[in-house]
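Chain and residue survey
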Amino acid sequence: MTDTGKQLRALYFTRFASSFGLVTLLTLLPTFINELGAEGFVLGMFATGLTFAQAVGIIPISWAGDRYDKRTVLLGGLGLSVFVYLGFAFVGTSWQFIAVRAVQGIAATAAGLIALALVGDLARESERANTIGTSNAWRFAAAIGGTFSAGALYDLFGFEAVFGLLMVVAAAAFVVVWLWVEPDDTRIHGFPFTDLAFNKRILTMTSFRAQYAVAVTLVRTWVPIYAGLEASRGGLGYEAATAVAVILAAEKFTNMICQPYTGGLSDKFGRARFVFVGGLFYGTIAVVVPFTPVIGGALGLPDTFPFLGTLSAAFIPLVVLNGLLGVADSIREPASMALFADEGKGQGVASSFGVRDLVWRPGSVLAPLAGGWLTSNAGIDWVFFLGGAFAFTGVFAFLGILSYNHGRDALAAW
């Protein structure tokens, strides 16, 4: 038998590999759009094809993970990933790209969801949020590495080198899972997805998550848009791509270093209160983002930076605030994931995470549409105000339903 620590390390690397592939392709998405000349509906499908395939894959992949050996399903997802990255090297038209990207969505869902389910299964209950937080930290490390390395690798060696690296990383994850992760002998018969979807505790958590999806999608998507959008349209007008990358990396970095620690605290002091505090903190920071020019001006901060050139006094406040958004999310995410894992343990942990993922999808799809309308018609500031509002309504709905259905002390007891 492989020891649990070695199995978890293999799964951590798997989550790194899955996230690295997604972020690298996302970073190069504008390059693909320009190379293939995508416009209109086809342009929208470049992003929607992936997310739609992920949404479609959640239920069958969750069911297969609970009904059969999770390790086998995970190996299938990683093996498919290797062929997906090979397929990208032969893409010649927009529709070919969309098709391969859709298959990438299925592979990423199988790898990410099942790896997370196995982490939740293997973790001790008293350390579950800490273990999940450590797993998430590897995912954020991949996001930082993918963001900074994709462009440099493409500029130096072209697409083939990028896809070759992604194939090697996915193949390495396949090998470590094959060698170190034990077969999963848990078998959940029937269709646990339905039972868990109506589980009272999970319904309480989804009352928060469905609204919070709008908040996070709006804020994460619009921070780089706000940084790069022309000043005449309400943005900061940063032309240096590196400046935007630094702003984005701040959120990933703080999330990465904080999650194992905050997850451990939620194991010790109660998970529900960390979901509440993290969501409240996130909403507060979100509504402050549009005031970064005022903050920078009031503090007399510089507007010119080495290697980046002239930006504005808002640059440092925006980096700090985006870093604080990462801290806020690190307070919430491992605690939230652990609550879902707690409910799924022995009843279908993959399906429990599948419910969690599926609830996120409507908000993540609809929020960008609202953000685009607000940017054009009301001003970009209102995107962040709306994001903050959904974070606030989410946490207070969670608190209200939690207290009503589970008692006044449930926030401390969960």
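Just so we're clear, the structure is a prediction, and the values are computed from it rather than from any experiment.

So, how was this worked out
- Residues numbered from 1 in each chain as written.
- Predicted model: local features only at pLDDT ≥ 70, side-chain atom pairs only at ≥ 80, totals over all residues.
- Heavy atoms only, no water.
- Helix = DSSP H or I, 4+ residues; strand = E, 2+ residues; numbered from the N terminus.
- Buried < 20%, exposed > 50% of the residue type's maximum accessible area, 1.4 Å probe, protein only.
- Contact = heavy atoms within 4.5 Å.
- Areas by Shrake-Rupley, 256 points an atom, 1.4 Å probe, with all protein chains shown as cover.
- Lys, Arg positive; Asp, Glu negative; His and termini not counted.
- Charge placed at Lys NZ, Arg CZ, Asp CG, Glu CD.
- Axes fitted to C-alpha atoms, helices over the stretch in contact; angles between N-to-C directions.
- Parallel < 35°, antiparallel > 145°, perpendicular 65-115°, else oblique.
- Left-handed = near helix turned anticlockwise from the far one by under 90°.
- Nonpolar A, V, L, I, M, F, W, Y, C, P; charged D, E, K, R; others polar.
- Phe/Tyr/Trp six-rings, centres within 6.5 Å; stacked < 30°, edge-to-face > 60°.
- Lys NZ or Arg CZ within 6 Å of the ring centre and 35° of its normal.
- Core = buried A, V, L, I, M, F, W, Y, C linked by side-chain atoms within 4.5 Å.

1. Some points on the overall build of the protein
Looking only at helices and strands, the protein features 16 helices and two strands. Summarising its shape, the C-alpha atoms of the protein cover approximately 60 × 55 × 35 Å along the three principal directions. The burial tally for the protein puts 53% of its 414 residues in the buried class. Residue pairs at least 24 apart in sequence account for 83% of intrachain contacts in the protein once pairs closer than 6 positions are excluded. Summed over its atoms, the accessible surface of the protein is roughly 17,200 Å², and 67% of this surface lies on carbon and sulfur atoms. Here the protein holds 25 positive side-chain charges and 26 negative ones, and the gap between their average locations is 7 Å.

2. Thoughts on the packing of helix α1 (residues 4-27) against helix α7 (residues 159-180)
In the contact formed by α1 and α7, the axes pass within 9 Å of each other and the chain directions differ by 160 degrees. Comparing the axis directions of α1 and α7 gives the class roughly antiparallel. Relative to α7, α1 is oriented so that their crossing is left-handed. Of the residues in α7, those touching α1 at Lys 6, Gln 7, Ala 10, Phe 13, Thr 14, Ala 17, Phe 20, Gly 21, Thr 24 and Leu 25 are Val 162, Phe 163, Leu 165, Leu 166, Val 169, Ala 172, Ala 173, Val 176, Val 177 and Trp 180. Counted by class, the contact of α1 with α7 contains 15 nonpolar, four polar and one charged residues.

3. Topic: the packing of aromatic side chains
One pass over the full model with this rule turns up 23 aromatic pairs. Consider the rings of Trp 63 and Tyr 68, whose centres lie 5.6 Å apart with planes at 85 degrees: the pair is edge-to-face. Residue Trp 63 is classed as partly exposed on the basis of its relative accessible area of 30%. Arranged with centres 4.6 Å apart and planes meeting at 45 degrees, the rings of Tyr 154 and Phe 159 form a pair that is tilted. Aromatic rings pair up to connect Phe 32, Phe 88, Phe 97, Tyr 154, Phe 159 and Phe 163 into one cluster. The ring of Trp 178 carries Arg 71 above its face, with NZ or CZ at 5.2 Å from the centroid. Residue placement shows Arg 139 over the ring face of Phe 140; its charged tip is 4.7 Å from the ring centre.

4. Some remarks on the side chain of Arg 361
Note on placement: Arg 361 falls in helix α14 (residues 349-377). The buried category is assigned to Arg 361, whose relative accessible area is 14%.

5. A look at the nonpolar core
Within soluble globular proteins, side chains that are nonpolar tend to cluster in buried spots. By size, the foremost hydrophobic cluster in this structure holds 89 residues, and its most contacted members are Leu 74, Ile 132, Tyr 238, Phe 315, Phe 353 and Phe 384. Of the residues forming this core, the biggest block, 14 residues, is contributed by helix α9 (residues 200-228). Not counting chain neighbours up to four residues away, the residues in contact with Ile 132 comprise Leu 116, Val 119, Pro 334, Met 337, Ala 338, Ala 341 and Phe 353. Counting 23 residues, the second largest nonpolar core, distinct from the first, contains Val 84, Phe 97, Phe 163 and Leu 166.

6. Observations regarding the side chain of Ser 19
Among the structural elements, Ser 19 can be located in helix α1. Dropping the residues within four chain positions of it, Ser 19 is found in contact with Arg 139, Ala 142 and Ala 143.

7. Comments concerning the environment of Leu 80
Position of Leu 80 relative to the elements: it lies in helix α4 (residues 70-88). A relative accessible area of 32% means that Leu 80 is categorised as partly exposed. When the C-alpha positions of Leu 80 and Ala 170 are compared, they lie 9.1 Å apart, and in sequence the two are 90 residues distant. With residues near it in sequence (within four places) discarded, Leu 80 still touches Val 103, Ile 106 and Ala 107.

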